[in-house]
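What follows is the residue order along each chain.
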Amino acid sequence: MIVLFVDFDYFFAQVEEILNPKIKGKPVAVCVFSGRFKDSGAIATSNYEARKLGIKAGMPIPKAKEIAPNAIYLPIRKEIYKEVSNRIMDGILKNYGDKIEIASIDEAYLDITQRVKDFREAYILGKEIKDKIYEKEKITVTVGIAPNKILAKIVAELHKPNGLGVLKPEEVESFIKTLPIDEVPGVGNTILNKLKENGISYLYDVTKVDFEKLKSEIGKAKASYLYSLALNTYNEPVKERIRKHIGRYVTMKNNSRDLDFIYSYLKRAIDEAYSRANGGIPKTLAVVAIMEDLDIVSREKTYNFGITRENAYDEAKLLLAEILKSDRRKLRRVGVRLGKIYKASTLDKFFNF
Ligand code: DGT
Ligand code: CA
Ligand code: CA
């Protein structure tokens, strides 16, 4: 398998630079202002000039302004970034792989196994993709190429920004031995601490711990995931994923706590969302309630084999009932969010297992 992973560099901030070239070269931070008080909220991302000053994603805006009062602080414009992302994903990247898995607004995995003869050709294709994206959209991206998805993502991470890295099959073994465990995607702080307690510093170290013990400490799914990576048997296919999520929300005639009344609107939101999914089947379904005070409460559930529209009606009603049970406020708007949407054909393969 040859996987090519693309990650757009400092994405939101880079789009802002393109829309306003005068700010290029200066420190720029894209902010999510929450509106509770002046400058409440957090930094969504920053360009590399701002990162050098210490402004990082997730930082409270007042703290960033304290560190770098002269940096440029812009409000987030998600719709615009989404459009740029769609143009790159659908207009460019789709043509370069047999399958594309759009993992987020700025990340995609391409299966290029059948497109290239070897990793040398894969490198050339990677370069071509970078050039094409730059030519069409003036966006720089980083590409990682490896024998599996996770390694491709890690390789990209190591070559940011505007980079291109290749990990050949014969290099994987030594790479795994020297790869710090905290650089593996999906290893959060809780798990990291557990792993450290077990003397694991590098990915390969997990093979030295008894599997049953690891399973009891970090759960079966994570343990199997890390084991397969460390033993180089991880081979999750690139799954044709159409888009990340689709949300549909409707405002009700009156604020309400009546399950059936709210459900009649929720059903409409489900229909609209599924129509927009265009035959795609989501793996996650969330019911989102916007309360009378505009606070947002949601309940989400994951369905490993996907959830069809017909089943979504009942499931969504249950999720809605849970929200009503956990919260005493009236709802003003209600909606659904479908996530991890796959082409039905990809899921069929799972059913036939
Ligand atoms: P890089 O490191 O060059 O890939 O930089 P980014 O900014 O592309 O970082 P990445 O790939 O982790 O995230 C992609 C976009 O997702 C980023 O441009 C903004 C958004 N994002 C990342 N972290 C946060 C966050 O904590 N809050 C919000 N609202 N957005 C975030
Ligand atoms: Ca990313
Ligand atoms: Ca990125």
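Before reading on, note that the structure itself is shown above.
Structure report, in brief. All of these numbers come straight from a predicted model, not from anything done at the bench. Sequence positions are assigned chain by chain, starting from 1 and proceeding in written order. The naming scheme follows written order: chains are lettered A onward, ligands numbered 1 onward. Local features in a predicted model are, by the rule used here, given only for residues with pLDDT of at least 70; side-chain atom pairs are given and counted only at 80 or more, and totals for whole chains, interfaces and linings are based on all residues. Neither water nor hydrogens contribute to the side-chain values; these are computed over all heavy atoms in the structure.

Looking now at helix α6 (residues 149-159). The buried count for α6 comes to eight of 11 residues, which makes it a mostly enclosed element. Only protein chains enter the area calculation, which uses a 1.4 Å probe; residues under 20% of their type maximum are buried, those over 50% are exposed, and those in between are partly exposed. Each helix is a run of H or I in the DSSP string that is no shorter than four residues. Each strand is a run of E no shorter than two, and both are numbered from the N terminus. All of the buried residues in α6 are Lys149, Ile150, Leu151, Ala152, Lys153, Ile154, Val155 and Ala156. Here α6 starts with a cap whose side-chain oxygen sits 3.0 Å from the backbone nitrogen of Ile150, and that cap is Asn148. Here a polar contact is recorded for every N or O atom pair within 3.5 Å, except that within protein the pair must consist of a potential hydrogen donor and a potential acceptor, and residues adjacent in sequence are included only if both atoms are side-chain atoms.

Now for the packing of aromatic side chains. Think of it this way: a Phe, Tyr or Trp ring, Trp meaning its six-membered ring, pairs with another when their centres are within 6.5 Å, and the plane angle makes it stacked under 30 degrees, edge-to-face over 60, tilted otherwise. Counting across every chain of the model gives eight aromatic pairs. Each ring, one from Phe8 and one from Phe11, has its centre 5.0 Å from the other, and the planes form 70°; the classification is edge-to-face. Ring geometry for Tyr10 and Tyr48: centres 5.6 Å apart, planes at 80°, overall edge-to-face. Of this pair, Tyr10 sits in the loop between β1 (3-8) and α1 (11-19) while Tyr48 sits in helix α2 (residues 48-52), and the two are 38 residues apart along the sequence. When its relative accessible area of 12% is taken as the criterion, Tyr10 is described as buried. In this structure an aromatic cluster arises from ring pairing among Phe8, Phe11, Phe12 and Tyr81. Over the aromatic face of Tyr204 sits the side chain of Lys177, whose NZ or CZ is 4.7 Å from the ring centroid. Definition used: whenever NZ (Lys) or CZ (Arg) falls within 6 Å of the ring centre and also within 35 degrees of the ring normal, the charge is taken to sit over that ring. Taking NZ or CZ as reference, Lys267 lies 5.0 Å from the ring centre of Tyr313, over its face.

This next bit is on the site of ligand 1. What surrounds ligand 1 is a group of 14 residues, the closest being Tyr10, Thr45, Tyr48, Arg51 and Lys160. One of the backbone nitrogen or oxygen atoms of Phe11 is found 3.0 Å away from an oxygen atom of ligand 1. Note that an oxygen atom of ligand 1 is positioned 2.7 Å from one of the side-chain N or O atoms of Lys160. Listing elements by their share of the shell around ligand 1, those giving two or more residues are β1, α1, β3 (41-46) and α2. Class assignment of the residues belonging to the shell around ligand 1 gives a composition of eight nonpolar, one polar and five charged. Residues from two domains meet in the shell around ligand 1; each of domain 1 (3-10 + 79-167) and domain 2 (12-76) gives at least three. Near residues are defined by distance, with any heavy atom within 4 Å of the molecule or strand qualifying the residue. We call Asp, Glu, Lys and Arg charged. Ala, Val, Leu, Ile, Met, Phe, Trp, Tyr, Cys and Pro are nonpolar, and the rest, Gly among them, are polar. Note that the domain bounds were set by an automatic or database domain assignment.

Pairing between strands requires that DSSP locate at least two bridges from one strand to the other. Reading across the sheet, the five strands line up as β5-β6-β1-β7-β8 and stay open at both edges, with mixed pairing between neighbours. In this open sheet, the two edge strands, each paired with only one partner strand, are β5 (99-104) and β8 (164-166). Across the sheet, the mean angle from the axis of one strand to that of its neighbour is 15°, orientation sign disregarded. Where β5 meets strand β6 (residues 107-111), five bridges bridge the pair, whose relative direction is antiparallel. Its bridge partner being in β6, Ser104 is matched across the sheet by Glu107. Residue contacts follow a heavy-atom distance rule, with two residues in contact if any of their heavy atoms lie within 4.5 Å. An axis is simply a line fitted to the C-alpha atoms; with a helix, the fit covers only the stretch in contact. Between two such axes, the angle follows the N-to-C directions and lies from 0 to 180 degrees. The sheet strands contacting helix α4 (residues 78-92) are β1, β5 and β6, and the helix crosses β5 at an angle near 160°. Packed onto the sheet, α6 meets β1, β5, β6, β7 (141-146) and β8 and runs at close to 140° relative to β7.

None of the figures reported here should be taken as evidence of function without further support.
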